[in-house]
Structure formats: structure tokens, C-alpha cells
Amino acid sequence: MEIGKVTGCLWATRKYHTLAGHKLLIVENLEKGQRDEVGYRVALDTVDAGIGDTVLTVRGSASKLAEGTREAATDTTIVAVVDSIENE
Amino acid sequence: MEIGKVTGCLWATRKYHTLAGHKLLIVENLEKGQRDEVGYRVALDTVDAGIGDTVLTVRGSASKLAEGTREAATDTTIVAVVDSIENE
Amino acid sequence: MEIGKVTGCLWATRKYHTLAGHKLLIVENLEKGQRDEVGYRVALDTVDAGIGDTVLTVRGSASKLAEGTREAATDTTIVAVVDSIENE
Amino acid sequence: MEIGKVTGCLWATRKYHTLAGHKLLIVENLEKGQRDEVGYRVALDTVDAGIGDTVLTVRGSASKLAEGTREAATDTTIVAVVDSIENE
Amino acid sequence: MEIGKVTGCLWATRKYHTLAGHKLLIVENLEKGQRDEVGYRVALDTVDAGIGDTVLTVRGSASKLAEGTREAATDTTIVAVVDSIENE
């Protein structure tokens with residue numbers, strides 16, 4: 001899983017119907033600890049995250065485990081709002 | 001999910017039969033926010049996207065969730081045409 | 001999906017039995033549009049591709065969708081021989 | 001699978017319910033042998049790993065194979081504490 | 001699939017039980033043709049590979065297709081010992 005910061009959202013009228021009703025958020029990489037050189041990723045929200053929140057995102061088939069997302073065409077889902085990180 | 005721009009299409013007569021009837025589009029990376037150093041990816045279209053459209057693509061097993069793509073040998077599918085992005 | 005060029009093949013006597021009978025081809029990255037810094041990938045062939053062919057490869061669970069590959073231990077499969085690419 | 005070192009943990013009150021009760025650890029990359037440029041990854045723990053442990057993490061659908069993690073929204077799970085590595 | 005060279009092995013007493021009885025090998029990248037910047041990967045062995053062998057590894061869900069690995073928490077499995085590569 002990866003940590004990121006919610007910085008925006010994405011609007012799409014013409015979309016695959018299983019994405020209807022889902023909030024699509026822009027999650028920016030934190031300076032350290034992000035895979036690849038990706039500046040941001042688009043993630044489906046399951047925890048009502050908001051702009052500025054530090055969140056945990058999950059990729060791949062696990063991103064469809066939440067109720068309401070099982071049939072959603074998502075490969076990246078926000079599964080937690082991070083309270084704090086204790087790191088050496 | 002990742003954002004990209006449709007810049008072309010790909011023709012293939014000899015292909016695995018589950019891809020028959022599907023439109024295969026070239027989706028170029030936007031400057032920022034794309035995974036890896038990939039210049040473009042080939043994506044199966046489910047929303048009737050056209051050249052110049054900014055689109056949202058999904059990877060992996062989720063790319064087979066749309067009707068008609070469940071049996072298709074795809075790992076990247078266009079699931080939305082992006083109207084706008086609100087980003088800080 | 002990704003575009004590449006078939007440049008060779010791989011021989012293996014001692015292999016997991018579900019790979020028996022499958023042709024394993026070396027697919028080199030084209031200059032542009034390939035994920036990561038990988039020079040080539042090994043792909044299972046489903047369309048009788050040959051040396052020099054420009055092909056479309058699929059990764060992940062979708063690479064097991066073709067008949068005869070469902071039980072094969074493959075993560076990369078050639079699903080089409082590319083005729084032409086129209087790109088802006 | 002990848003080798004890493006546990007350096008911390010992550011706290012999240014608001015999280016998807018299938019993650020409740022699971023320990024989320026920060027696993028830092030070792031100098032050599034880590035995919036991408038990722039400084040660290042967040043992994044679900046199944047072997048009661050502790051700070052300073054060298055661990056083996058698994059990605060993707062395999063990270064949900066352990067009892068109690070099948071329904072968890074995880075894409076990275078710690079599956080072993082490494083005793084030693086014999087490498088040429 | 002990817003080609004690599006077996007250079008060592010990994011020992012772990014405390015591990016998830018589905019990995020018990022499986023040999024975990026260190027597979028180093030060959031100079032060319034490896035994904036990412038990873039120096040090595042840890043792979044589960046299904047073909048009795050040994051130190052110095054050039055092997056073919058498979059990633060993702062396909063790495064659990066071999067008998068005895070279906071329930072194993074692996075994301076990378078050695079599926080063949082390479083005899084030779086014919087490449088232009």
C-alpha cells in the first residue's frame with residue numbers, strides 16, 4: 001500500500017457505468033515512499049477522504065474488495081485516512 | 001487509475017479472437033502523473049473515446065469488468081472521458 | 001497493452017508442465033512507449049507470431065484468457081500481430 | 001517477493017473495515033534488490049514482525065492468501081521474517 | 001516473464017505457513033531485459049533450480065498456478081530452467 005495526499009478531484013460524465021456514484025480523487029505522491037516517478041494517481045474513495053488528507057491507497061484486485069467497489073472498474077482505491085506515522 | 005490523451009489507434013488483423021470487435025487506442029501519457037517512463041499505452045475502449053480526448057484508464061484485472069470485456073485479453077481499458085480536473 | 005518486436009525465442013527442457021507445448025518468444029521493446037527500462041520480455045505466443053513481427057502483448061491475469069493458456073503459468077502473452085499504428 | 005526492513009508503523013482510525021485489527025507496518029527498501037525507486041511501502045503483517053526485522057513481502061493477489069487477510073483490502077503483506085540470506 | 005540467474009537462497013523460520021516446504025531462491029537480474037531497477041527478486045522454486053541456473057520467472061497470479069503453489073503466498077515463481085536463448 002502507498003501513502004499519498006489528496007489534492008483534487010476528477011469529473012467525468014461519460015464513464016463506464018460501474019464508476020457512477022463513486023468519487024474519484026487525485027492523490028499526489030509524498031516526497032518519499034512512492035512507487036515509480038508518478039506525480040499523482042487517480043483513486044476511488046471509500047472512506048470519504050477530503051482535500052488535504054493523507055491517505056493510504058491500495059492497488060490491483062484488492063482495490064475492489066470494499067462493498068460497492070466489487071464491480072467498479074477501479075485499480076486504485078483509498079482505504080484509510082492516515083492519522084500518524086511512526087517511523088525511525 | 002491514470003489520466004492520458006488519446007492520440008491514435010492500432011490495427012491488427014491477426015489477433016486473439018476475444019479482442020475482435022474492440023477498438024484499440026493509443027493513449028499518450030500526460031506530462032505529469034504517469035507511471036514509469038512509458039510514452040504511451042494501448043488501451044481497449046469502452047466509452048467511445050476519440051482522438052484528442054483526455055481519458056481515464058484502468059489497469060489489471062479491473063480492465064475486464066465492463067460488459068463485453070470480461071473475456072477480452074486486455075490489461076488496460078479506457079473507463080471514462082475526463083471532463084475536468086480540479087487540482088490544487 | 002504494450003507494443004514490441006519479436007526478436008528471438010527461448011528454449012527450456014526443464015519447465016513447469018503447463019508451459020509445455022507453448023512457444024516462448026523474446027519481445028524487444030520499441031524505442032518509445034514501453035513500460036520501465038526493460039530491454040525485452042519473454043512472452044507466450046497465441047497468434048503464431050514470427051521473428052520480426054510487431055506484436056501486442058498483454059500482462060497479468062489477462063494473459064491467461066486465451067484457450068490453452070488458462071492453466072499456463074504465464075504473465076505475458078502475445079495477443080495480436082500489429083498491422084499498422086495511426087498516431088498523431 | 002521482496003526483502004525489506006521494518007522501520008515503523010501507521011495509524012488510521014478512519015479506514016475501510018476489512019483493515020480493522022490488522023497491523024500496518026512501514027517496510028523500508030534495502031539498498032539493493034528493491035523494485036522501483038520507492039523508499040518504503042506499507043505492508044499488512046501476518047507474522048508478528050517488529051521494528052528492525054528483515055522481512056519478506058509479497059504483492060498483489062497473493063497478499064490476501066493468509067487467513068484473516070482474504071477479505072482485507074491489502075496489496076502488500078509481510079509473509080516471513082528473514083533469518084539469513086546466502087547469496088554469492 | 002523474465003529471465004534471471006539463481007545466486008542464492010533465503011532462510012526464514014517464522015513465515016506464513018503456506019510457504020513452508022517451499023524453496024525460496026534469490027534470482028539476480030541479467031544485465032539486459034529486467035523490469036525496473038531491481039537488483040534481485042526472491043522467487044519460489046517449482047523446477048528444482050540450483051545456484052548458477054538461468055531461469056524464467058513469472059509474476060503475479062500466474063505464480064500460483066503450479067500444483068503445491070496454489071495456496072502459497074507467492075508473487076514470483078521460477079517456472080523453467082532456460083537451456084538457450086536465440087536472439088537476433
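Conventions adopted
Residues numbered from 1 in each chain as written. Chains lettered and ligands numbered in written order. Predicted model: local features only at pLDDT ≥ 70, side-chain atom pairs only at ≥ 80, totals over all residues. Heavy atoms only, no water. Helix = DSSP H or I, 4+ residues; strand = E, 2+ residues; numbered from the N terminus. Buried < 20%, exposed > 50% of the residue type's maximum accessible area, 1.4 Å probe, protein only. Contact = heavy atoms within 4.5 Å. Areas by Shrake-Rupley, 256 points an atom, 1.4 Å probe, with all protein chains shown as cover. Buried area = accessible area lost by both parts, 1.4 Å probe. Salt bridge = Lys/Arg side-chain N within 4 Å of Asp/Glu carboxyl O. Least-squares fit on C-alpha atoms with pLDDT ≥ 70 in both. Polar contact = N/O pair within 3.5 Å; in protein donor to acceptor, adjacent residues only side chain to side chain. pLDDT = per-residue confidence, 0-100. Pairing = 2+ DSSP bridges.

Caption draft 1: Structural view of the overall build of chain A. Along chain A, the regular secondary structure elements total zero helices and six strands. Per-residue burial for chain A yields a buried fraction of 65% across its 88 residues. Across chain A, the fraction of contacts at a sequence separation of at least 24, relative to all contacts at a separation of at least 6, is 56%. In the structure as shown, chain A presents an accessible area of about 3300 Å², 50% of it carried by carbon and sulfur atoms.

Caption draft 2: A look at the interface of chain E and chain C. In this complex, chain E contributes 32 residues to the contact, which on the side of chain C involves 35 residues. In this assembly, chain E packs against chain C so that about 2800 Å² is buried in total across both faces, 51% of it on carbon and sulfur atoms. Here chain E is connected to chain C by zero salt bridges. Going through the elements one at a time, β4 (54-59), β5 (76-81) and β6 (84-87) of chain E are the ones with two or more residues in the side of chain E that touches chain C.

Caption draft 3: Geometry of the relation of the copies chain D and chain A. Take chain D, turn it by 72°, move it 0.0 Å along the axis, and it overlays chain A with an RMSD of 0.0 Å. The superposition operator between the copies reduces to a five-fold rotation axis. The fraction of interface residues of chain D whose copies in chain A are also interface residues is only 14%, indicating that the copies meet through different surfaces.

Caption draft 4: How the structure looks around the interface of chain D and chain A. Contacts between the two partners involve 35 residues from chain D, matched on the other side by 32 residues from chain A. Together chain D and chain A conceal approximately 2800 Å² of surface at their shared face, both sides included; 51% is due to carbon and sulfur atoms. Area buried by chain D at its contact with chain A is led by Arg14, Tyr16 and Tyr40 of chain D, which between them contribute 25% of it. Taken together, chain D and chain A are joined by zero salt bridges. At the junction of chain D with chain A, the criterion picks out 16 residue pairs in polar contact (both at pLDDT 80 or more). Counting residues per element, the ones that place at least two in the side of chain D that touches chain A are β1 (2-11), β2 (24-29) and β3 (40-45) of chain D.

Caption draft 5: Spatial organisation of the confidence of the model for chain A. All names here are of chain A. Chain-level statistics for chain A give a pLDDT mean of 87 and a share of 90% at 70 or above. Taken together, the stretch residues 32-37 has pLDDT below 50 and engages in 25 contacts with residues farther than four places along the chain or on a different chain. Both scores are given for the predicted complex: the pTM is 0.88, the ipTM 0.84.

Caption draft 6: Expanded view of the relation of the copies chain E and chain C. Once turned by 72° and shifted 0.0 Å along the axis, chain E lies on chain C with an RMSD of 0.0 Å. The share of interface residues of chain E whose copies in chain C are also at the interface is only 16%, consistent with the copies meeting through different surfaces.

Caption draft 7: Quick peek at the environment of Arg41 of chain A. All names here are of chain A. Mapping Arg41 onto the fold places it in strand β3 (residues 40-45). When the C-alpha atoms of Arg41 and Asn29 are compared, they prove to be 7.9 Å apart, with twelve residues separating the residues in sequence. A polar contact of 3.0 Å, which involves the side chain of Arg41, links it to the side chain of Thr57.

Caption draft 8: Quick peek at unusual backbone geometry. Residues and elements named next belong to chain C. Here the phi dihedral of Asp48 falls at roughly 55°; this positive angle occurs in a residue that is not glycine. The residue Asp48 is located in the loop between β3 (40-45) and β4 (54-59) in this model. Look at Asp48 and you get exposed, because its relative accessible area is 58%.

Caption draft 9: Quick peek at the pattern of salt bridges. For the coordinates displayed, the defined rule picks out 15 salt bridges over all chains. Here Asp48 of chain A ties to Lys23 of chain A by a salt bridge, and the two come within 3.2 Å at their closest N and O atoms. In this pair, Asp48 of chain A is assigned in the loop between β3 and β4 (54-59) and Lys23 of chain A in the loop between β1 (2-11) and β2 (24-29), connecting sequence segments 25 residues apart. Residue classification places Lys23 of chain A among the partly exposed positions, given a relative accessible area of 32%. Salt-bridge contacts for Lys23 of chain B lead to Asp45 of chain B; the nearest nitrogen and oxygen are separated by 3.2 Å. In this pair, Lys23 of chain B sits in the loop between β1 (2-11) and β2 (24-29) while Asp45 of chain B sits in strand β3 (residues 40-45), placing the two residues 22 residues apart along the sequence.

Caption draft 10: Spotlight on the pairing of strand β5 (residues 76-81) of chain C. All names here are of chain C. Most of β5 is tucked away, with six of its six residues classed as buried. In the sheet, β3 pairs with β5 via two bridges, with the strands oriented parallel. When the bridges of β5 are listed, Asp45 appears paired with Ile78.

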